[in-house]
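Spelled out from the first residue to the last, the chains are:
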Amino acid sequence: MNIAILRFGGSNCDLDVQKALNNLGVGAELVWYKETLKSFDGAIIPGGFSYGDYLRAGAIAARTKIMQSVAQMAADGKPVLGICNGAQILSESHLVPGTFTLNQYPKFICRRVKLRTVGKSPFTELSNAIVDLPIAHKEGRYVVEPRLLKELYENDQVVFRYVDDTGRPTLAANPNGSLDNIAGISNLEKNVLAMMPHPERASEKLLGSTDGNAIFESMVRYIRAL
């Protein structure tokens, strides 16, 4: 098994994701955006500030040639995970619905949050109902046309919501003003997940949480079942 970790100018969580996967015994190869995706079982687009977040976060990276290969992987049913800036890139590539835009209070946020796992997703099969993960973003507020929100829930496309310590999606638990506290969203087929929190930063006890490992382990389990 080999998972591609995409690298753009400005990516800065690529090595963290690789280490998290290697710690689980999973092969992970760093792939520069000018290269071609060949013979990979899945792909992860890590966090960072691709192209300095010029224009909009993820907008330039989404228009690079390698994202055509990612779109083909998704169409072939292979799993694609976008984390933070990677989520923004997936949104800009129209591989998931909606947009991750400027936080309601326009500043960079870096702290731990609680998430409730909702819906059905191949990325959460092994995850607890409530997980503890860090966020680090300035453009993480998820928005979508309100008329589509009901449809997203009906299709199990909402994967994570920000919640308080009791598991309730309260206003106070919402760090960035995301619509309906949404922190992670998938495509209709469920094999593409865009999430703002960082599972790789919650992959060792030393980091304060290992909740992120379940996301990677679930992805690996899905690949093995293909």
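Quantities reported herein were computed from a predicted structural model and do not represent experimental measurements.

Peer 1: Just to check I follow, could you spell out the nonpolar core for this structure?
Peer 2: Considering soluble globular proteins, one finds that nonpolar side chains tend to be buried as a cluster. If you look at the biggest cluster of nonpolar residues, it comprises 64 residues, and the most contacted ones within it are Leu-6, Met-67 and Leu-81. Excluding residues within four positions of it along the chain, Leu-81 makes contact with Ala-43, Ile-44, Ile-45, Leu-90, Phe-123, Leu-193, Met-195, Ile-215, Phe-216 and Met-219.

Peer 1: What's the story with the environment of Thr-170 in this structure? I'm lost.
Peer 2: For Thr-170, the location among the structural elements is in the loop between strand S9 (158-163) and strand S10 (182-186). Judged by its relative accessible area of 22%, Thr-170 falls in the partly exposed class. Separated by 41 residues in sequence, Thr-170 and Asp-211 have C-alpha atoms that sit 21 Å apart. When sequence neighbours within four positions are dropped, the list of residues in contact with Thr-170 reads Asp-164 and Asn-181.

Peer 1: Hey, could you run me through the sheet that holds strand S6 (residues 109-117) in this one?
Peer 2: For sheets, the rule is that strands pair by backbone hydrogen bonds, running either parallel or antiparallel. Spatially, S2-S1-S3-S4-S11-S10-S9-S6-S7 is the arrangement adopted by the nine strands of the open sheet, whose pairing is mixed. Of all strands in the sheet, those bounded by a partner on one side alone are strand S2 (27-32) and strand S7 (130-137). Going across the sheet, the axis of each strand differs from the next one's by a mean of 25°, ignoring polarity. Both strand S4 (residues 80-83) and strand S11 (residues 192-195) contribute to a ladder of four bridges, which runs parallel. Looking at the pairing, Val-80 lines up with Val-192 of S11. Along the sheet face, helix H3 (residues 85-92) touches strand S3 (42-45), S4 and S11 and points at about 120° away from the line of S4.

Peer 1: For this particular structure, what's the right way to read the packing of aromatic side chains?
Peer 2: Remark: the centre distance and the inter-plane angle together describe each pair of aromatic rings, the angle taken between the planes. The full count for this structure, using the stated rule, is five aromatic pairs. Summarising the aromatic geometry, the rings of Phe-100 and Tyr-142 are spaced 5.2 Å apart at their centres and angled 55° between planes, so their arrangement reads as tilted. Of this pair, Phe-100 sits in strand S5 (residues 99-101) while Tyr-142 sits in strand S8 (residues 141-143), placing them 42 residues apart in sequence. Each of the two residues, Phe-100 as well as Tyr-142, counts as buried.

Peer 1: Would you explain the side chain of Glu-139 in this entry?
Peer 2: Checked against the element boundaries, Glu-139 lands in the loop between S7 and S8. No salt bridge is formed by the buried Glu-139. Its closest oppositely charged neighbour is Lys-138, at 6.8 Å. Not counting residues within four places of it along the chain, the set of residues in contact with Glu-139 comprises Asp-53, Ala-57, Gln-88, Phe-100, Thr-101, Leu-102, Asn-103 and Met-196.

Peer 1: I tried to follow the pairing of S3 on my own but got confused; where do I start?
Peer 2: Regular strands show a simple pattern: their side chains alternate between the two faces of the sheet. Burial along S3 is two-sided: Gly-42 and Ile-44 and Ala-43 and Ile-45, pointing in opposite directions, are all buried. Of the pairings in the sheet, the one linking strand S1 (residues 2-7) to S3 comprises three bridges and is parallel in character. From the neighbouring strand, Ile-3 faces S3, where its bridge partner is Gly-42. Read as a crossover between parallel neighbours, the route from S3 over helix H2 (residues 66-75) to S4 is right-handed.

Peer 1: Honestly, the pattern of salt bridges in this entry has me stumped. Any pointers?
Peer 2: Note that side chains of opposite charge can pair when their charged atoms are close. Taken as a whole and judged by the stated rule, the model has 11 salt bridges. Note that Glu-92 and Arg-63 form a salt bridge whose closest N and O atoms lie 3.5 Å from each other. Residue Glu-92 is found in helix H3, and its partner Arg-63 is found in the loop between S3 and H2; the two are separated by 29 residues along the sequence. For the salt bridge of Arg-147 with Glu-145, the shortest nitrogen-to-oxygen distance reads 2.7 Å. Residue Arg-147 is classed as exposed on the basis of its relative accessible area of 62%. Through salt bridges with shared partners, a single ionic network connects Arg-56, Arg-63 and Glu-92.

Each value, and the rule that gives it
Residues numbered from 1 in each chain as written. Predicted model: local features only at pLDDT ≥ 70, side-chain atom pairs only at ≥ 80, totals over all residues. Heavy atoms only, no water. Core = buried A, V, L, I, M, F, W, Y, C linked by side-chain atoms within 4.5 Å. Buried < 20%, exposed > 50% of the residue type's maximum accessible area, 1.4 Å probe, protein only. Contact = heavy atoms within 4.5 Å. Helix = DSSP H or I, 4+ residues; strand = E, 2+ residues; numbered from the N terminus. Pairing = 2+ DSSP bridges. Axes fitted to C-alpha atoms, helices over the stretch in contact; angles between N-to-C directions. Phe/Tyr/Trp six-rings, centres within 6.5 Å; stacked < 30°, edge-to-face > 60°. Lys, Arg positive; Asp, Glu negative; His and termini not counted. Salt bridge = Lys/Arg side-chain N within 4 Å of Asp/Glu carboxyl O. Right-handed = clockwise from strand over helix to strand, strands pointing away.

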